[in-house]
Every structure is written in structure tokens, then in C-alpha cells.
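Close look at the chain arrangement
Chain by chain, the residues:
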Amino acid sequence: MEVLYTSKFYTLYQAGHERCFYLDLGQKTIRLSFCQFLALRHKVMSISIESHFDSDLNEHGFEMLILCNKEHFFILNTLEVLDLKCLIDHSFSLIEMDAENVFTQ
Amino acid sequence: MKDIIRQQMSITASSMDVLNQQIQMESKASASYLAMASWCDQNAFGNSALFFYAQAEEERSHMMKIFKFINDSGGNAISPEVTDINHDFSSLEEVFVTALEQEIEVTKAINGIVANAKKTDDYAVENFMQWFIEEQLEEERSIRDILDLFELMGRDGIALKLIDERIKTE
Ligand SMILES: [Fe+2]
Ligand SMILES: [Fe+2]
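A word on the coordination of the iron ion (ligand 1). All names here are of chain B. Bound to the iron ion (ligand 1) on the protein side are Glu-26 (OE), Glu-59 (OE) and His-62 (ND1), at distances that span 2.1 Å. We note that the donor set of the iron ion (ligand 1) lies within a single chain, spaced as E-x32-E-x2-H. Here the iron ion (ligand 1) and the iron ion (ligand 2) are spaced 3.4 Å apart, with Glu-59 acting as a shared donor. With Glu-26 in helix H2 (residues 13-42) and His-62 in helix H3 (residues 46-72), this residue pair connects regions lying 36 residues apart in the sequence. A residue is classified by how much of its surface remains accessible, and His-62, at 1% relative accessible area, is buried.

What follows is the structure, encoded as C-alpha cells:
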């Protein structure tokens, strides 16, 4: 298992032999199949961070995250959401850059 | 075994994102054509109504084509939410002008997907989108042909009736 990216609060691992990912969210580490990882990416990317700064839209600035077909449930505050967005963003660009390098090496 | 993402997905994540946006757009186009069909039906433009019902189904088939493509490539297709469908038109001509504007927006979006695919060397997506490029040319042309009828025949009551009769329903 290798570390793909470590953000301020979280760490994403890639387990090549299992073809899956592990995400350490502090309170617990969850296993994500590739599809579940894509679903997580979609959920995190769709969170409107603007709503966290508008008390009419998101009164307390919390986000509920339900993952892996409702197996896991997390509550994140604004900073944690930003951090998670950053982690997802970075891991995908790292991996895709890696894939491109195959041709240039 | 480094690149799990590449092993499981044959398109890039950025292609997947823009294709998911396109699903949204095709689905909205379909719903919007249904609203136009409804308006035409209510205003006794029978052929125009049939034309828009057929367009609505076509847009849905475009959406499904992209939806299947994303999933077949190992990606995650997202079922779209559609809101804000306009049902208000002041004339038959306005309905067709709106339809043309909508098609032009779709064409731009499709060009954007191809541009993005080129930029990221995603040849599978570039190739897949070729069909859509031709389809858009066809769709823009068929609506432009209808708009020409308004120039030709005018906009009074009888002319509108005649225009409606000339609209090909299949
Ligand atoms: Fe379409
Ligand atoms: Fe169309």
C-alpha cells in the first residue's frame, strides 16, 4: 500500500494488489473500490463551498457525507470539506500525470 | 500496478466530468423540447408539436448514448437533475428561435468536449464525439430551414398555419 497524497487532515492510499483505495479520515479508515472512489469524488466535488458562507443556505457550515452505498457516514466542517476537495483534486491530477509520463519516459 | 485509475477507466477524469455535464445538457434539452411540444399542442400547431415530441426523444437518446459510454468506459455516469424549464413563448417563431439557440449552445458544449479531449490526449472520447458533431450540424440545419419559412411566408394567422403544415414530422 502506498501513499498517494496527504492533505492537512486526511491521507489517501492506493493498494495496487487489491485494486482499491484506502482513505484515512481521522476517525476511521475506509476502503474504497474504484467505483466508490469515483462516487466519493463526485459527492465531494458537488459540495457547494459557497453555501458554507451563507447562513441561509447552510446555517451551521456542516456537510453530511454518506459513502460506499450508505456504509459510512461522516460530518465535515468547512475546513475539512475544503481539505477533502483538495485531496481529491490532487490525487486525480497526480495519477493522471503519472499515466501521461508513461509515454514521455 | 501503479495506476489503478487508468486500469479501471479508459477515459480521463476530466473527460468524464465534461461528459457528465453533457448528459445534463441533453436531458435539459429533452425536457425543454417537451415544453415546446406542449405549447404547440395547446396553440393548435399539430405538426410543430409532433416535431418537438420527436426532438425530445432524440435528445433523450443522445443523453443515453453518453450515459452508456461513460459507464462502459469504467466511469461513473450521473443521472441528471433538470430544473428551470421555460414553458412561456409569445409566438411560434419564438419557439423555433429558442430551439435554435439551444442547439447552438449544445454545439458549443460538444466542441468544448472535443477540445478538452484533444488537450488531454483522450482519443477515445475525441472519436466518440465525432457522431455528435455531425448530429449537431444536422439539427441546426433542420431548425434553420423552418425559420426560413417565416421569412418566406410571413407571420400572420394563415401563414403560421401553412408553416405548421409544412413542418416535417418525420
Ligand atoms: Fe442532442
Ligand atoms: Fe439537438
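Additional details are given in the paragraphs that follow.
This part takes up the coordination of the iron ion (ligand 2). With distances of 1.7 to 2.5 Å, the protein atoms coordinating the iron ion (ligand 2) are Glu59(B) (OE), Glu103(B) (OE), Glu103(B) (OE) and Glu139(B) (OE). One chain supplies every donor to the iron ion (ligand 2), and in sequence these donors are spaced E-x43-E-x35-E.

What follows is about the pattern of salt bridges. Two side chains with opposite charge may pair up if their charged atoms get near one another. All names here are of chain B. Under the criterion given, the structure shown has ten salt bridges over all chains. Residue Lys-108 is joined to Glu-105 by a salt bridge in which the shortest nitrogen-to-oxygen separation is 3.3 Å. Taken together, the residues Lys-108 and Glu-105, both in helix H4 (residues 92-119) and three residues apart, mark about one turn of the helix. The salt bridge involving Glu-140 is made with Arg-144; its shortest N-O contact spans 2.8 Å. Of this pair, Glu-140 and Arg-144 both sit in helix H5 (residues 123-153), four residues apart, roughly one helical turn.

Residues and elements named next belong to chain A. With antiparallel pairing, four strands are arranged side by side in an open sheet as S1-S2-S3-S4. Pairing within the sheet leaves two strands with one partner each, and these edge strands are strand S1 (2-6) and strand S4 (29-33). Going from strand to strand, the sheet's axes swing by 25° on average, the running direction of each strand aside. Sitting on the sheet, helix H1 (residues 34-46) is in contact with strand S2 (11-15), strand S3 (20-24) and S4, with an inclination near 110° to S4.

Further remarks concern the nonpolar core. Core analysis: the largest hydrophobic core is formed by 50 residues, its most contacted members being Phe21(A) and Leu23(A). Looking at this core, the element that brings in the most residues is helix H2 (residues 78-104) of chain A, giving six residues. If we skip the residues at most four places from it in the chain, Phe21(A) touches Leu4(A), Leu12(A), Tyr13(A), Gln14(A), Ile30(A), Arg31(A), Leu32(A), Phe34(A), Phe37(A), Ile95(A), Ile4(B) and Ile5(B). By size, the runner-up hydrophobic cluster in this structure holds 24 residues, among which are Phe89(B), Ile143(B), Phe150(B) and Ile167(B).

Residues and elements named next belong to chain B. Per-residue confidence for chain B gives a mean pLDDT of 95; residues scoring 70 or more make up 99%. Mean pLDDT per element in chain B: helix H1 (residues 4-8) is the minimum at 78, and H3 is the maximum at 98. Across the assembled chains, the prediction reports ipTM 0.80 with pTM 0.89.

Cut-offs and rules
- Residues numbered from 1 in each chain as written.
- Chains lettered and ligands numbered in written order.
- Predicted model: local features only at pLDDT ≥ 70, side-chain atom pairs only at ≥ 80, totals over all residues.
- Heavy atoms only, no water.
- Donors = N, O, S within 2.8 Å, 3.2 Å for Na, K, Ca; no water.
- Helix = DSSP H or I, 4+ residues; strand = E, 2+ residues; numbered from the N terminus.
- Buried < 20%, exposed > 50% of the residue type's maximum accessible area, 1.4 Å probe, protein only.
- Salt bridge = Lys/Arg side-chain N within 4 Å of Asp/Glu carboxyl O.
- Pairing = 2+ DSSP bridges.
- Axes fitted to C-alpha atoms, helices over the stretch in contact; angles between N-to-C directions.
- Contact = heavy atoms within 4.5 Å.
- Core = buried A, V, L, I, M, F, W, Y, C linked by side-chain atoms within 4.5 Å.
- pLDDT = per-residue confidence, 0-100.

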